[in-house]
Amino acid sequence: MPSERTRSPRRPLRAHAAKGVALLLVAAAFLVARVPEPGADEVDALASAFSFTPLELEPPPGLPMREDRDLHPDYEGIQAWMSSVGAGVAVTDLDGDGLMNDLCYVDPRVDRALVAPAPTGPSRYAPFALDTGDLPYDDTMAPMGCQPVDADADGRMDLLVYYWGRSPSLHMAGGDAPSADAYEAVELLDGGYETWHSNAALTADVDGDGTLDLVIGNYFPDDAAVLDTSGGGRPTMQHSMSRAANAGENRLLLGSTDPDGPLFTEAGGVLEGRASTGWTLALGAADLDGDMLPELYVSNDFGPDVLLRNDSVPGDPSFTALGGTWTPTTAGSKVLGEDSFKGMGIDFGDLDGDGRLDMAVSNITEEFALFESNFIWMNTDDDGLIAEGRAPFRDRSEQLGLARSGWGWDIRFTDLDNDGHKEVVQATGFVAGEVNRWPEIQEVALVNDELLADPRVWPDLGPETDLSGDGGLSFFAREGGQGRFAEIGDHVGVGRSTVSRGVAMADTDGDGLLDIAVANQWDTSVLYRNDSPDPGASVSLNLVRPAEHGTTPAVGTAVRVTAPDGRVHVAQVDGGNGHSGKHAPELVIGLGEAADEDPVPVELTWRDDRGRVHTAEVVLTPGRHTVVLTDGAETSETGSGSGS
């Protein structure tokens with residue numbers, strides 16, 4: 001029998017051998033996961049299908065310019081961090097000319113919500129700043145984004161502006177051409193303004209009554225007094241970098257069906273837990289289970305995102321939180337609802353052509369810094385798991401080449417050459433400066449949660465701070481919709497190095513190609529005109545309901561388009577999904593090599609103004625079409641869809 005002396009050396013050897021095997025397995029898994037990047041020839045081949053021309057969005061002359069924010073004294077030491085949001089852009093039709101060629105954007109340098117015609121066409125009116133009129137407004141308030149919404153359903157598009165420091169204002173459109181005098185500023189809340197710090201907003205018919213509702217995502221607690229330079233309030237940061245739930249309360253406001261009542265009424269107590277008090281930076285709404293009620297995705301900074309199944313009935317909104325399923329091959333942080341990553345954007349689109357909407361979520365993916373992962377949540381709901389209360393989504397970002405991009409914000413699925421396959425574009429970057437502060441941020445990530453909520457214990461993040469300051473618009477494409485994506489922004493005209501926030505898509509010039517509006521932080525925002533050299537055909541759908549002064553967008557309408565080559569495309573009219581970029585309420589579906597006369601079957605499902613669900617099929621040809629939805633669908637052609 002061996003003695004203790006002869007046995008003891010063998011145990012450490014076995015232990016070290018086990019550790020060595022584990023390290024080898026980890027290294028092998030890493031090498032398998034990190035597929036080599038595409039070569040120069042492959043990138044050049046992909047880039048040959050695209051071309052964009054940047055057109056800058058300069059603020060109207062005469063407005064005072066600034067470079068950062070004036071803050072509560074307790075926040076002054078982290079001025080760069082606190083000055084990192086506020087740029088947003090929305091595209092819509094404000095003048096009723098039938099084109100989505102009007103912009104409402106926020107430029108933090110002038111701290112105003114601005115309206116301007118898209119620079120892809122003639123200057124139909126002078127750019128101007130929205131006026132808050134007689135509403136309470138002072139230096140403790142700053143706009144964060146602009147959300148188009150026909151608030152009174154009269155056929156004229158109104159504008160909702162959301163802020164740090166106050167609840168949103170509604171700017172109701174009159175009958176004149178767009179100008180400062182054509183909009184009347186009114187409070188969103190019937191009882192007067194409250195102190196909110198909002199970073200996201202969207203419109204959707206949440207309860208299925210046929211009337212658009214509003215969801216507002218709030219960030220800092222109401223009493224944080226972020227912009228109060230006098231030192232009032234209670235300055236507060238997140239109490240955790242991965243499980244924070246001490247933010248301002250998210251709000252659901254139901255649209256009114258009473259013409260004599262307020263336009264919107266808050267539905268209190270409906271959003272619960274992290275769907276209510278997570279540090280929300282983006283919101284998404286889309287019908288994922290086919291009942292024509294939009295599910296809600298709440299994209300939270302500093303903690304898990306939340307996917308809510310919509311169980312509402314008219315006048316009575318209700319949700320069930322859905323959780324993902326863990327498997328032995330799934331990292332715990334990549335289970336939907338359990339992630340600890342930083343959600344800065346959300347979008348929906350069918351990436352793999354299976355007829356189901358997938359989801360893209362932005363995160364911080366800075367190599368050698370906060371090295372996390374974007375999410376590409378692929379929809380696997382073959383067996384009705386949503387009905388069972390489970391989230392049928394698996395992250396495939398690494399396999400698709402979309403896991404890493406920098407410090408991400410708005411992210412979009414979109415077909416930009418009309419070949420019938422999706423590209424992915426993403427705003428990236430945080431703050432641009434001279435001093436790399438990533439070591440300090442790494443230290444913050446290790447601070448005790450009880451200290452983290454106090455901004456005075458944070459390290460110096462002054463105006464000179466640089467954190468992912470070389471961002472801009474990332475542009476990912478892949479050959480024929482197959483394999484991994486490659487980032488080709490520098491090769492197609494969108495690779496400008498700056499710090500970006502919001503991304504919105506619209507066909508601003510009616511040529512059948514989507515243009516890209518990008519809101520940049522502390523820099524000039526840009527509209528990238530799509531000049532792709534040999535695009536496919538498209539069918540563009542302006543889906544509307546009749547209204548007193550023309551028509552109003554039929555937000556939430558679902559479409560199923562069968563292309564001439566047999567491929568099926570699904571989409572829904574977007575009501576403001578994402579961070580601070582708001583798509584135009586139109587759908588542009590790429591058809592590939594379709595001829596002008598090829599029939600295109602389009603199945604439409606929508607709710608009318610009384611909440612009743614209808615389905616109809618229309619047969620269109622490539623081109624631009626307006627479809628008026630009542631009990632049926634009435635179509636008219638409004639232009640070519642050749643992409644040329």
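Residues numbered from 1 in each chain as written. Predicted model: local features only at pLDDT ≥ 70, side-chain atom pairs only at ≥ 80, totals over all residues. Heavy atoms only, no water.

Labelled according to an unreviewed UniProt entry, the protein appears under the name VCBS repeat-containing protein, originating from Streptomonospora nanhaiensis.

Right, let's talk about the overall build of the protein for a bit. On a plain count of helices and strands, the protein comes out with nine helices and 40 strands. Taken against the 2.2 N^0.38 rule, which gives 26 Å for 644 residues, the C-alpha radius of gyration of the protein at 25 Å falls within 12% of a compact globule. Projecting the C-alpha coordinates of the protein onto the three principal axes gives extents of approximately 95 × 65 × 45 Å. Among the 644 residues that make up the protein, the fraction classed as buried is 58%. Pairs at least 24 apart in sequence give 63% of the contacts found in the protein among residues at least 6 apart. Summing over all exposed atoms, the protein offers an accessible surface of approximately 24,500 Å²; the carbon and sulfur share of this is 50%. Where the 43 positive side-chain charges of the protein centre and where its 108 negative ones centre are 12 Å apart. (Helix = DSSP H or I, 4+ residues; strand = E, 2+ residues; numbered from the N terminus. Rg over C-alpha atoms; globule rule 2.2 N^0.38 Å. Buried < 20%, exposed > 50% of the residue type's maximum accessible area, 1.4 Å probe, protein only. Contact = heavy atoms within 4.5 Å. Areas by Shrake-Rupley, 256 points an atom, 1.4 Å probe, with all protein chains shown as cover. Lys, Arg positive; Asp, Glu negative; His and termini not counted. Charge placed at Lys NZ, Arg CZ, Asp CG, Glu CD.)

Scanning all chains against the criterion turns up 18 aromatic pairs. Between Phe50 and Phe475, the ring centres sit 5.0 Å apart and the planes meet at 65°, which makes this aromatic pair edge-to-face. A residue pair is termed long-range when its members are at least 10 positions apart, and Phe50 in the loop between α3 (40–47) and β1 (52–57) and Phe475 in strand β26 (residues 472–477) qualify at 425 residues. Using a relative accessible area of 0% as the deciding quantity, one classes Phe475 as buried. Aromatic side chains Trp409 and Phe430 sit 6.4 Å apart centroid to centroid with 0° between the ring planes, which places their arrangement in the stacked category. Taken together, the positions of Trp409 in strand β22 (residues 408–414) and Phe430 in the loop between β23 (423–428) and β24 (435–436) put the pair 21 residues apart, joining distant regions of the chain. In this structure Phe430 comes out as buried when scored by relative accessible area, which is 3%. Ring pairs connect the aromatic residues Tyr75, Trp164, Tyr219, Phe220, Trp279 and Phe302, which therefore count as one cluster. If you follow Arg69 out to its NZ or CZ, it ends over the ring of Trp164, 6.0 Å from the centre. For the cation-ring pair, Arg166 lies above Tyr163, with the distance from its terminal atom to the ring centre recorded as 5.8 Å. (Phe/Tyr/Trp six-rings, centres within 6.5 Å; stacked < 30°, edge-to-face > 60°. Lys NZ or Arg CZ within 6 Å of the ring centre and 35° of its normal.)

Below, the discussion takes up the side chain of Asp154. By secondary structure assignment, the location of Asp154 is in the loop between β6 (142–149) and β7 (158–164). Setting aside residues up to four positions removed in sequence, Asp154 forms contacts with Ala547, Glu548 and His549.

Spatial ordering of the open sheet is given by β18-β19-β20-β21, a layout of four strands whose pairing is antiparallel. Among the strands making up the open sheet, the edge pair consists of β18 (345–349) and β21 (393–395). Put simply, the sheet's adjacent strands are angled 20° from each other on average, direction ignored. Where β18 meets strand β19 (residues 358–362), five bridges bridge the pair, whose relative direction is antiparallel. Paired with Phe348 across the bridge in β19 is Met359. (Pairing = 2+ DSSP bridges. Axes fitted to C-alpha atoms, helices over the stretch in contact; angles between N-to-C directions.)

Now for the sheet that holds strand β33 (residues 558–562). If you trace the four strands from one edge of the open sheet to the other, you get β34-β33-β37-β38, paired in antiparallel fashion. A strand with exactly one partner marks an edge of an open sheet, and here the two such strands are β34 (568–572) and β38 (613–620). Strand-to-strand twist in this sheet, taken as the mean axis angle between neighbours without regard to direction, amounts to 15°. As paired strands, β33 and strand β37 (residues 600–607) are joined by four bridges and run antiparallel to one another. Following the sheet pairing, Val561 is matched in β37 by Val602.

By size, the foremost hydrophobic cluster in this structure holds 76 residues, and its most contacted members are Trp81, Phe220, Phe475, Ile488 and Ile516. Of all hydrophobic cores here, the second largest spans 23 residues; its members include Ala554, Ala571, Ile589 and Val618. (Core = buried A, V, L, I, M, F, W, Y, C linked by side-chain atoms within 4.5 Å.)

Its identity is not glycine, yet Asn418 carries a phi of approximately 60°, on the positive side. Relative to the assigned elements, Asn418 resides in the loop between β22 and β23. For Asn418, a relative accessible area of 0% puts it in the buried group. At Trp522, a residue that is not glycine, the phi angle is positive and equals roughly 60°. If you trace the backbone, Trp522 turns up in the loop between β29 (515–520) and β30 (525–530). Here Trp522 falls in the partly exposed class, since its relative accessible area comes to 22%.

Moving on: the environment of Asp395. Tracing the backbone through its elements, the reader meets Asp395 in strand β21. On the basis of relative accessibility, which here comes to 9%, the residue Asp395 falls in the buried class. Through-space distance from the C-alpha of Asp395 to that of Val270 is 28 Å; in sequence the pair is 125 residues apart. Contacts of Asp395, omitting those with residues within four sequence positions, involve Lys334, Ser373, Asn374, Phe375, Ile376 and Trp377. A polar atom in the side chain of Asp395 sits 2.8 Å from the side chain of Lys334. (Polar contact = N/O pair within 3.5 Å; in protein donor to acceptor, adjacent residues only side chain to side chain.)

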